[in-house]
2 protein chains.
Amino acid sequence: MSVTIKEVAERAGVSVATASRALSGGRGVRPANRERVLRAARELEYEPNAVAAALRSRTTNSVGIVVPRISNPFFATLVEAVEREAARGGRGLLLSTSRYDPEVEAGQLKSLLDRRVDALIAVPCHSERSRAAIEAAGQRVPTVQLDLCLDGGGGSWVGVDSEAGILSAVEHLVGAGARTLAYVGSEPTDSSAQARLDGYRGAAPLCPGGTDRVLLGDFSLEWGHRAARRLLENRRELPEGIVCGNDTIALGVLRELARNGVDVPGRVMVTGFDDIPFAELAEPPLTTVRQPLEQLAAEAVRTLATRLGGGEEPHRRVAIAPELVVRGSTRA
Amino acid sequence: MSVTIKEVAERAGVSVATASRALSGGRGVRPANRERVLRAARELEYEPNAVAAALRSRTTNSVGIVVPRISNPFFATLVEAVEREAARGGRGLLLSTSRYDPEVEAGQLKSLLDRRVDALIAVPCHSERSRAAIEAAGQRVPTVQLDLCLDGGGGSWVGVDSEAGILSAVEHLVGAGARTLAYVGSEPTDSSAQARLDGYRGAAPLCPGGTDRVLLGDFSLEWGHRAARRLLENRRELPEGIVCGNDTIALGVLRELARNGVDVPGRVMVTGFDDIPFAELAEPPLTTVRQPLEQLAAEAVRTLATRLGGGEEPHRRVAIAPELVVRGSTRA
DNA sequence: GTGAAAGCGCTAACAC
DNA sequence: GTGTTAGCGCTTTCAC
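If you're wondering where the values come from, they're calculated on a predicted model, not measured in any experiment.

Asks: What is the right way to read the overall build of chain A from this model?
Replies: Counting secondary structure elements, chain A contains twelve helices and twelve strands. Taken over C-alpha atoms, the radius of gyration comes to 25 Å for chain A, far larger than the 20 Å a tight globule of 332 residues would show. Referenced to the eigenvectors of the C-alpha coordinate spread, the extents of chain A come out at roughly 90 × 35 × 30 Å. Across the 332 residues that make up chain A, the buried fraction comes to 55%. Entry remark: accessible area of chain A is about 14,100 Å², with carbon and sulfur atoms responsible for 48%.

Shown next as structure tokens:
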């Protein structure tokens, strides 16, 4: 069997209590004893049992995260940033995916709670049907919604200010000379889709010409293709600027425009949202609204850390302003 | 405080032992009692404490995974597949990243071991300097190397048959009429880079013409750009087929060729390796060797499950044959 | 500053 | 089938 703290204590000639204190920080232990314990531990190749420590101290030093999927580069980058941030605080990250299924999501949350994570980060996969499980989790441990949020608020949330992001895209397009605009986005099934659509509706009046073409589907490349084809049906009415709900859609739109010989950004300018890695690899490179992922992750972890540290700030809602990244798909 | 199994037992009018048995499968418990326990648990909203169970039963039902990074879509997809596979077996996934730093990697492995994961999956970030930590981990729990492996073997490994993959790319290019080839890859700093390079050297003789141009850098887009520029220096000697060590490099090569007005696949054909999501979005879409990620993940978890189940197959090395995906960057 | 002792909540022997 | 009992390895009072 593996070496326990008891053996370390014996070898160091102290009690387990002192050994424990020495091994965890060493505060309140005479330096000489501290050294002896540390040496004994090293010599015995002692490996602390975090499970036992967790049972007794009632903290696992771990946080759980539930995202719809990881293969989506957006969530992947988010998870990576959270992992780094958590590791920095000595915490482990328990990862699970909901696959966009609220029932799976509920099960994953329960499992994480059973494992006694100290805190939870969740990207709710549905703005309504995720509610029960996420609120229940929030009753037990500090929980923060990341990126997406439940309808009508409730609980802590860290995300991006979508309206401001879309606004900056619209301003940029109008400033670059677009006189007519269209929006290609997703049906508002989640909070981001909703906020981006709202953002477009709010910002559209800045444009002098027609802005009433709003095509809603989902956040996919295929939808981008189809929406572009629809806009191309009447070549004369092709808008001068197309605001897309995310980069994937924008990539689909760009592609379809290229296939049809439409000059981008000459005839039509296109913007995306997220700044996924491929955005700058597209032809032409995509002007887009960059999600400040590192900041989001850091803020989410900070929110939890505050609450773990005993801070009683029950409902913290943080919307970070995103930044427009201008590339070749729009004129400067 | 939260409800314990003791209270559930009391309410159900049985001993904690019976409650425990009923709650975990219910084998060897009279159905009537089982029902009463389950009902009591439901009524009290009992939440089992997996930490306590883990301490006593010496299994945490969790596996740890260490990858260089998650924002790389290749690893992200791998992690996602592993997560799904682990969740299917009721296991949690503790995720950490090494950021390509063997010291960080060693620390992460130690931390996962302290947390008493039942098994480990690691993508060694360095074929030499990862050895000590990974071998040490392998002494304590079933450990499998995924994708990359340590130099000279040792331990279980699940990955792709890189040689076979490169071979299929070369055969395809030659079959499509390429008479001269070049290889643009990474310096063999990791096992995949090495195997792909070996694969090219082994397969090159299949091509009738010159195949001795081998450019080695790293697995980046920038290196693809630079390598392509180098090949373009003497336009006349531009090879008819360029085999790239991964998709990212291939994307860089494609881009540079396009900028210089070289017709792909007319004048030059290009192949990649991995089949990252963007491969099919490139212009032209990239012919590439697809990594069977789901299979890799499933096989890795299966390898561990076998060992956890008591199977004593110490050194399982599984190389899965990848599949060539033919797209527009080569002629059919 | 240190030690003795009491659990954290659960499972696994071992009796019955 | 069921109950009693004894810990898993650690941290944390509480005395000294």
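Asks: In this structure, what is going on with the relation of the copies chain B and chain A? I would like to understand it.
Replies: A rotation about some axis, followed by a shift along it, carries one copy of the chain onto the other. When chain B is brought onto chain A, the operation consists of a screw motion whose angular component is 180° and whose axial shift is 0.0 Å, with 0.1 Å RMSD remaining. In the structure described here, the two chain copies are related by an operation that fits a two-fold rotation axis. For chain B, the minimum C-alpha distance to the rotation axis belongs to L94 of chain B and amounts to 2.3 Å. Taken together, the interface assignments show that 96% of the residues at the interface of chain B recur at the interface of chain A, consistent with an identical surface on both copies.

Asks: How do you make sense of the packing of helix α6 (residues 102–114) of chain B against helix α7 (residues 131–140) of chain B when you look at a structure like this?
Replies: When two helices pack together, their arrangement is given by the angle between the helix axes and the distance between those axes. Residues and elements named next belong to chain B. At their nearest, the axes of α6 and α7 sit 9 Å apart, and the two run at 10° to each other. Relative to α7, α6 is oriented roughly parallel. With respect to the hand of their crossing, α6 and α7 are arranged in left-handed fashion. On the side of α6, the interface is formed by A106, L109 and L113, while α7 contributes A133, I134, A137 and R140.

Asks: So what exactly am I meant to see when it comes to the UniProt feature "domain: HTH lacI-type" (unreviewed entry) in chain A here?
Replies: Sequence positions flagged by UniProt for "domain: HTH lacI-type" (unreviewed entry) are, in local numbering, residues 3–57 of chain A. Summarising residues 3–57 of chain A: 69% helix, 0% strand, and an end-to-end C-alpha distance of 20 Å.

Asks: What am I meant to see in the protein's contact with DNA strand D here?
Replies: Close contacts around DNA strand D come from 24 residues, with I5 and Y46 of chain A together with N33, R56 and R58 of chain B the closest. Measuring from a base oxygen of DNA strand D, one finds a side-chain N or O atom of R56 of chain A at 2.8 Å. Only α2 (16–23) and α4 (50–57) of chain A together with α2 (16–23) and α4 (50–57) of chain B provide two or more residues apiece to the surface near DNA strand D. Top element by residues in the surface near DNA strand D is α4 of chain A. It accounts for four residues.

Asks: Would you explain the protein's contact with DNA strand C in this entry?
Replies: Near DNA strand C there are 24 residues, and of these N33, R56 and R58 of chain A together with I5 and Y46 of chain B occur at the shortest range. In DNA strand C, atoms within 4 Å of the protein come 63% from sugar and phosphate. Within the side chain of R21 of chain A, a nitrogen or oxygen atom sits 2.9 Å from a base nitrogen of DNA strand C. Taking R56 of chain B, its side chain carries an N or O atom lying 2.9 Å from a base oxygen of DNA strand C. Counting residues per element, the ones that place at least two in the surface near DNA strand C are α2 and α4 of chain A together with α2 and α4 of chain B. Looking at which element gives the most residues to the surface near DNA strand C, the answer is α4 of chain B, with four residues.

Asks: What am I meant to see in the domain arrangement of chain A here?
Replies: Along its sequence, chain A is organised into domain 1 (5–48), domain 2 (62–160 + 293–321) and domain 3 (162–291). Put simply, the middle of domain 1 of chain A and the middle of domain 2 of chain A, counted by C-alpha atoms, are 37 Å apart.

Asks: Can you help me understand helix α5 (residues 73–88) of chain A in this one?
Replies: Residues separated by three or four positions in an α-helix point in the same direction, a consequence of the helix having 3.6 residues per turn. Residues and elements named next belong to chain A. The first and last C-alpha atoms of α5 sit 22 Å apart over 16 residues, in line with the 22 Å expected at 1.5 Å per residue. Looking only at α5, the buried set comprises F74, F75, A76, T77, L78, V79, E80, A81, V82, E83 and A86. Sitting at the amino-terminal end of α5 is N72, which places a side-chain oxygen 2.7 Å from the backbone nitrogen of F74. Note on α5: the residue one or two positions beyond its end, G90, has a positive phi of about 75°.

Asks: Just to check I follow, could you spell out the pairing of strand β7 (residues 213–217) of chain B for this structure?
Replies: A regular strand carries its side chains on alternate faces of the sheet. Pairing of strand β6 (residues 181–186) of chain B with β7 of chain B, which is carried by five bridges, proceeds in the parallel orientation. Bridged to Y183 of chain B within β7 of chain B is V214 of chain B.

Asks: I keep staring at the interface of chain B and chain A and nothing clicks. Help me out?
Replies: Frequently, the measure chosen for interface size is the accessible area that the parts lose on association. Across the contact, 51 residues belong to chain B and 49 residues belong to chain A. Summed over both sides, the interface of chain B with chain A buries roughly 4,100 Å², with 55% coming from carbon and sulfur. The three residues of chain B that bury the most area against chain A are V51, E80 and R115 of chain B, which together make up 15% of that side's buried surface. Taken together, the links from chain B to chain A amount to eight salt bridges. At the boundary of chain B with chain A, the tally comes to 28 residue pairs in polar contact (both at pLDDT 80 or more). When contributions to the side of chain B that touches chain A are tallied by element, the ones reaching two or more residues are α4, α5 (73–88), β2 (92–97), α6 and α11 (247–259) of chain B. Per-element tally for the side of chain B that touches chain A: the top contributor is α5 of chain B, with seven residues.

Asks: How should the packing of aromatic side chains be read in this particular structure?
Replies: The way to describe two aromatic rings as a pair is by their centre distance and the angle between their planes. Enumeration over the complete set of coordinates arrives at five aromatic pairs over all chains. Arranged with centres 4.1 Å apart and planes meeting at 20°, the rings of F278 of chain A and F278 of chain B form a pair that is stacked. Taken together, the positions of F278 of chain A in the loop between β9 (269–274) and β10 (287–290) and F278 of chain B in the loop between β9 (269–274) and β10 (287–290) put the pair across two chains. The pair F278 of chain A / F278 of chain B is uniform in exposure class, with both members buried.

Asks: Looking at this structure, I do not really get the sheet that holds strand β12 (residues 323–325) of chain B. What am I missing?
Replies: The strands that make up a sheet are held in pairs by hydrogen bonds between backbone atoms, and each pair lies either parallel or antiparallel. Residue and element names in this part refer to chain B. Read from one edge to the other, the open sheet built from six strands follows the order β7-β6-β8-β9-β10-β12, with strand pairing classed as mixed. Two strands bound the open sheet, and with one partner strand each, they are β7 and β12. Going from strand to strand, the sheet's axes swing by 20° on average, the running direction of each strand aside. Together, β6, β7, β8 (241–244) and β9 form the strand contacts of helix α9 (residues 191–203), whose direction differs from that of β6 by roughly 170°. Along the sheet, α11 makes contact with β6, β8, β9 and β10, crossing β9 at roughly 155°.

Asks: So what exactly am I meant to see when it comes to the packing of helix α10 (residues 221–232) of chain B against α11 of chain B here?
Replies: Residue and element names in this part refer to chain B. Look at α10 against α11: their axes get within 7 Å of each other, and the N-to-C directions meet at 45°. Overall, the two elements α10 and α11 adopt an arrangement that is oblique. Judged by the twist between their axes, the crossing of α10 over α11 is right-handed. Of α11, the residues touching α10 (which contributes L221, W223, G224, H225, A228, R229 and L232) are T248, I249, L251, G252, V253, R255, E256, L257 and R259.

Asks: Can you help me understand helix α1 (residues 5–12) of chain A in this one?
Replies: All names here are of chain A. Within α1 the residues assigned to the buried category are V8, A9 and A12. One side of α1 carries all its buried residues, which in axial view fall inside an arc of 100°. Set apart from the buried face of α1 by more than 90 degrees, the exposed residues are K6 and E10. Buried-residue contacts for α1 involve α2 and α3 (31–44). Count one or two residues on from α1 and you reach G13, which has phi positive near 70°.

Asks: Looking at this structure, how should I read the sheet that holds β9 of chain A?
Replies: Residues and elements named next belong to chain A. Taken in spatial order, the six strands of this open sheet run β7-β6-β8-β9-β10-β12, and their pairing is mixed. Each end of this open sheet is capped by a strand with a single partner; those strands are β7 (213–217) and β12 (323–325). Within this sheet the neighbouring strands show an average axis-to-axis angle of 20°, counted without direction. Pairing of strand β8 (residues 241–244) with β9, which is carried by three bridges, proceeds in the parallel orientation. From the neighbouring strand, I242 faces β9, where its bridge partner is V270. In the packing of helix α10 (residues 221–232) onto the sheet, contacts are made with β6 (181–186), β7 and β8, and the angle to β7 comes to roughly 150°.

Cut-offs used in this document
- Residues numbered from 1 in each chain as written.
- Chains lettered and ligands numbered in written order.
- Predicted model: local features only at pLDDT ≥ 70, side-chain atom pairs only at ≥ 80, totals over all residues.
- Heavy atoms only, no water.
- Helix = DSSP H or I, 4+ residues; strand = E, 2+ residues; numbered from the N terminus.
- Rg over C-alpha atoms; globule rule 2.2 N^0.38 Å.
- Buried < 20%, exposed > 50% of the residue type's maximum accessible area, 1.4 Å probe, protein only.
- Areas by Shrake-Rupley, 256 points an atom, 1.4 Å probe, with all protein chains shown as cover.
- Least-squares fit on C-alpha atoms with pLDDT ≥ 70 in both.
- Contact = heavy atoms within 4.5 Å.
- Axes fitted to C-alpha atoms, helices over the stretch in contact; angles between N-to-C directions.
- Parallel < 35°, antiparallel > 145°, perpendicular 65-115°, else oblique.
- Left-handed = near helix turned anticlockwise from the far one by under 90°.
- UniProt positions renumbered as here; feature names shortened; annotations may be inferred.
- Near = heavy atom within 4 Å.
- Polar contact = N/O pair within 3.5 Å; in protein donor to acceptor, adjacent residues only side chain to side chain.
- Domains from an automatic or database assignment.
- Expected span 1.5 Å × (residues − 1).
- Pairing = 2+ DSSP bridges.
- Buried area = accessible area lost by both parts, 1.4 Å probe.
- Salt bridge = Lys/Arg side-chain N within 4 Å of Asp/Glu carboxyl O.
- Phe/Tyr/Trp six-rings, centres within 6.5 Å; stacked < 30°, edge-to-face > 60°.
- Arc of directions from axis to C-beta.

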